[in-house]
Amino acid sequence: MDSRVLQTWELSLWRGTEEGRFASYQVPCRERQTVLDVVTYVQRHIDASVSYRFACRVGMCGSCAMTVNGVPRWTCRTRIAEVAQGNRIAIAPLSHLPVIKDLVCDMSVFFEKWTTAGGAFVPTPGATDNFAHIPPDHAARRAADAAIECIGCGVCYAGCDVVGWRPEYLGPAALNRAWTLVNDARDGAGAERIAAVAGDAGCHACHSQQNCTRHCPKHLNPAASIAGLKRRAAAALWRGGS
Amino acid sequence: MFAASRFHARNHSNYWAFMLHRISGVALALFLPVHFWVLALAAKSLNGFLVWAHQPLVEYAEAGLVLLLALHLTGGLRVLVLEFLPWHNWQKTAIAISGGVSLGVALVFMLNLT
Ligand code: HEM
Ligand code: SF4
Ligand code: SF4
Ligand code: FES
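Parameters and conventions
- Residues numbered from 1 in each chain as written.
- Chains lettered and ligands numbered in written order.
- Predicted model: local features only at pLDDT ≥ 70, side-chain atom pairs only at ≥ 80, totals over all residues.
- Heavy atoms only, no water.
- Core = buried A, V, L, I, M, F, W, Y, C linked by side-chain atoms within 4.5 Å.
- Buried < 20%, exposed > 50% of the residue type's maximum accessible area, 1.4 Å probe, protein only.
- Helix = DSSP H or I, 4+ residues; strand = E, 2+ residues; numbered from the N terminus.
- Domains from an automatic or database assignment.
- Contact = heavy atoms within 4.5 Å.
- Buried area = accessible area lost by both parts, 1.4 Å probe.
- Salt bridge = Lys/Arg side-chain N within 4 Å of Asp/Glu carboxyl O.
- Polar contact = N/O pair within 3.5 Å; in protein donor to acceptor, adjacent residues only side chain to side chain.
- pLDDT = per-residue confidence, 0-100.
- Donors = N, O, S within 2.8 Å, 3.2 Å for Na, K, Ca; no water.
- Phe/Tyr/Trp six-rings, centres within 6.5 Å; stacked < 30°, edge-to-face > 60°.
- Pairing = 2+ DSSP bridges.
- Near = heavy atom within 4 Å.
- Nonpolar A, V, L, I, M, F, W, Y, C, P; charged D, E, K, R; others polar.
- Patch = residues over 30% accessible without salt bridge, like charges linked within 9 Å, V, L, I, M, F, W, Y side chains within 5 Å.
- Areas by Shrake-Rupley, 256 points an atom, 1.4 Å probe, with all protein chains shown as cover.
- 1 Å grid on protein atoms, 1.4 Å probe; cavity = no way out; pocket = protein on both sides within 12 Å on 5 of 7 lines; lining within 4 Å.
- Points joined across faces, edges and corners; volume = space filled by probe spheres on them.

Chemist: Looking at this structure, how should I read the nonpolar core?
Modeler: Across soluble globular proteins, nonpolar side chains have a tendency to be buried as a group. Residues and elements named next belong to chain A. Residues Leu11, Leu13, Ile91, Tyr169 and Leu229 are the most contacted members of the largest nonpolar core, which totals 69 residues. Residue contributions to this core peak at seven residues, all from helix 10 (residues 222-238). Both domains that meet at this core, namely domain 1 (5-105) and domain 2 (108-241), each give it at least three residues. With near-sequence residues (within four places) excluded, Ile91 lies in contact with Leu11, Ser12, Leu13, Trp14, Phe22, Val35, Val39, Met66, Thr67 and Leu103.

In structure tokens:
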């Protein structure tokens, strides 16, 4: 798709809350335009009442995720020419989260689940007395490293069918976070965290469909993290734990 | 546009493997009882059963059931390997193996029938 040969994008933007409709806008094509640029154009030049979120514009803050032509994506680093169907593009808020207005979702449930899944670091007694010695090639360290770069964008959560089927499911991002802490030698809440994620709405609800892994803009693999939690939970059960 | 997009968001091999596993699981749950029931009816006399079991329709239905079972069994083994062994990125190979073995088993079964 070469954006230079196109004149305008035919944009459908979600307007309203849960109840709402797609409104049409025409936005001039520019080279290397991102999806976020196009939404910003609408707000600055066509209709100032369009609500959407962004902060960093460089893929660090995780606030700009939207559903772009049916697929959850970070919009600040998605070139519109790569995802448009011809010159048509439909932009909606993320799925599985309450819509506050237009493209803005209420992320509270998403982050509450991080807390429920034991997402807070709990230092072992004495952990602050000295530096922990964790060799860079240690297996647990590498497992944590592979999952640590999450920006909390909610793309995986919006893409996961199980979240759609069972709204109480903790979801890929919260479980992925729990997995990084389970592998953190300085953390002292391992058993509690495994108990927190091993419930009905926890890691065992995942069917390894891997939509999360497919769509994560940071190329993380939440499905692999969840499989890791399943093994730990099974091992805890085997040892007669919770 | 949206139906197509919903498909697009899920069009990857692991999702296909999941769908195949679910469909074969549900189909097994539906057809296995029928299979046992019909078997029980037909087995009342052994001779009648043997004649009955050689009807082409019955043979194809049985081959279908074997394919479903093989698909579901290998698909289930794939899930177990994926989740209970340390994660590796050879899942696509696992899907292919699971499909291939299933087809193989069903074919051997059909050849045996003739
Ligand atoms: C032959 C040995 C079998 C094995 C190794 C096996 C394995 C599995 C596994 C691992 C799952 C979980 C899949 C997931 O988490 O997504 C599953 C789901 C399921 N199985 Fe089986 N199974 C077998 C036989 C059967 C039979 C005989 C039936 C039918 C009565 C059946 C019906 C189902 C159904 C309906 C599901 C739910 C599918 C889903 O969650 O996607 N299975 N099976
Ligand atoms: S692998 Fe699990 S968490 Fe990821 S999308 Fe699938 S069901 Fe959801
Ligand atoms: S795991 Fe990936 S997709 Fe999910 S919230 Fe983190 S960065 Fe976003
Ligand atoms: S605006 Fe920060 S990640 Fe897109």
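Chemist: How should the interface of chain B and chain A be read in this particular structure?
Modeler: A common measure of how large an interface is: the accessible area buried when the components associate. The partner chain A presents 26 residues to the 21 residues of chain B that form the contact. When chain B packs against chain A, close to 2000 Å² is buried across both sides, 56% of that on carbon and sulfur atoms. A salt bridge links A:Asp161 to B:Arg10; the nearest nitrogen and oxygen atoms lie 2.8 Å apart. Taken together, the links from chain B to chain A amount to seven residue pairs in polar contact (both at pLDDT 80 or more). Only helix 1 (2-10), helix 2 (13-42) and helix 4 (56-84) of chain B provide two or more residues apiece to the side of chain B that touches chain A. If you tally residues by element for the side of chain B that touches chain A, the top one is helix 1 of chain B, at five residues.

Chemist: In this structure, what is going on with the confidence of the model for chain B? I would like to understand it.
Modeler: Low-pLDDT portions of the prediction should not be read for the details of their coordinates. Residue and element names in this part refer to chain B. Confidence in the prediction for chain B averages 80 pLDDT; 91% of positions are at 70 or higher. By mean pLDDT, the top-scoring element of chain B is helix 2 (88), and the lowest-scoring one is helix 1 (70). This prediction of the complex comes with two scores: 0.86 for pTM and 0.71 for ipTM.

Chemist: Looking at this model, I keep getting lost on the coordination of the iron atom of ligand 1. Mind explaining?
Modeler: For a metal with four tetrahedral donors the ideal donor-metal-donor angle is 109.5 degrees, while six octahedral donors give ideal angles of 90 or 180 degrees. The protein supplies the iron atom of ligand 1 with one donor atom, B:His72 (NE2), which lies at 2.0 Å. Structurally, the position occupied by B:His72 is in helix 4.

Chemist: For this particular structure, what's the right way to read the environment of A:Ala127?
Modeler: All names here are of chain A. By the element assignment, Ala127 lies in the loop between helix 3 (108-116) and helix 4 (139-147). Given a relative accessible area of 25%, Ala127 falls into the partly exposed group. Here the alpha-carbon distance between Ala127 and Ala185, two residues 58 residues apart in the chain, equals 9.8 Å.

Chemist: Before we go on, may I ask you to explain the packing of aromatic side chains in this structure?
Modeler: Any aromatic ring pair is given by two values, namely how distant the centres are and how the planes are angled relative to each other. All names here are of chain A. Across all of its chains, the model carries eight aromatic pairs over all chains by this definition. Relative to Phe22, the ring of Trp14 has its centre 5.1 Å away and its plane inclined at 75°; by these criteria the two rings are edge-to-face. Given the relative accessible area of 17%, Trp14 is considered buried. For Phe22, a relative accessible area of 32% puts it in the partly exposed group.

Chemist: Can you help me understand the pairing of strand 1 (residues 8-16) of chain A in this one?
Modeler: Strand residues, when the strand is regular, have side chains that alternate between the two faces of the sheet. Residues and elements named next belong to chain A. Note: strand 1 against strand 2 (residues 20-28), nine bridges, orientation antiparallel. Within strand 2, the position partnered with Leu11 by the bridge is Tyr25. Where strand 1 hands over to strand 2, the hairpin turn is made up of three residues, counted between the paired strands.

Chemist: Where do I start with the site of ligand 1 in this structure?
Modeler: Contacts to ligand 1 come from A:His207, B:Phe18, B:His21, B:Arg22, B:Gly25, B:Val26, B:Leu28, B:Ala29, B:Leu32, B:His72, B:Leu73 and B:Gly76. Neighbouring residues of ligand 1 are not confined to one chain but are distributed across chains A and B. In this structure, A:His207 approaches ligand 1 through a side-chain N or O atom, which is 2.8 Å from an oxygen atom. One of the side-chain nitrogen or oxygen atoms of B:Arg22 is found 2.8 Å away from an oxygen atom of ligand 1. At the level of elements, helix 2 and helix 4 of chain B are the ones that each hand at least two residues to the shell around ligand 1. If you tally residues by element for the shell around ligand 1, the top one is helix 2 of chain B, at eight residues. A class-by-class count of the residues in the shell around ligand 1 yields six nonpolar, five polar and one charged.

Chemist: What exactly am I supposed to notice about a nonpolar patch on the surface here?
Modeler: Residues and elements named next belong to chain B. Together, Val26, Leu30, Phe31, Val34, Trp37 and Leu41 make up an exposed nonpolar region whose accessible area comes to about 620 Å². Within the secondary structure, Leu41 is located in helix 2. Residue Leu41 is classed as partly exposed on the basis of its relative accessible area, which comes to 44%.

Chemist: It is not clear to me how the layout of surface pockets should be interpreted in this structure. Could you clarify?
Modeler: Where empty space is left becomes clear once a probe the size of a water molecule has been rolled over the atoms. In this model, the largest pocket occupies a volume close to 460 Å³. A:Thr67, A:Ser95, A:His96, A:Ala158 and B:Arg6 are, among the 25 residues lining the largest pocket, the residues nearest its centre. A total of four residues in the lining of the largest pocket trace back to one element, the largest contributor, which is helix 1 of chain B. Grouping the amino acids of the lining of the largest pocket by side-chain chemistry returns 12 nonpolar, nine polar and four charged. Inspection of the lining of the largest pocket shows a minimum of three residues originating in each of domain 1 (5-105) and domain 2 (108-241) of chain A.

Chemist: I keep staring at the pattern of salt bridges and nothing clicks. Help me out?
Modeler: Oppositely charged side chains are able to pair whenever their charged atoms sit close together. All names here are of chain A. Within the structure shown, the criterion is met by nine salt bridges over all chains. Arg15 serves as the salt-bridge partner of Asp102, at 3.1 Å between the closest nitrogen and oxygen. In this pair, Asp102 sits in the loop between strand 6 (99-101) and strand 7 (104-105) while Arg15 sits in strand 1, placing the two residues 87 residues apart along the sequence. Exposure class is identical for Asp102 and Arg15. Each is buried.

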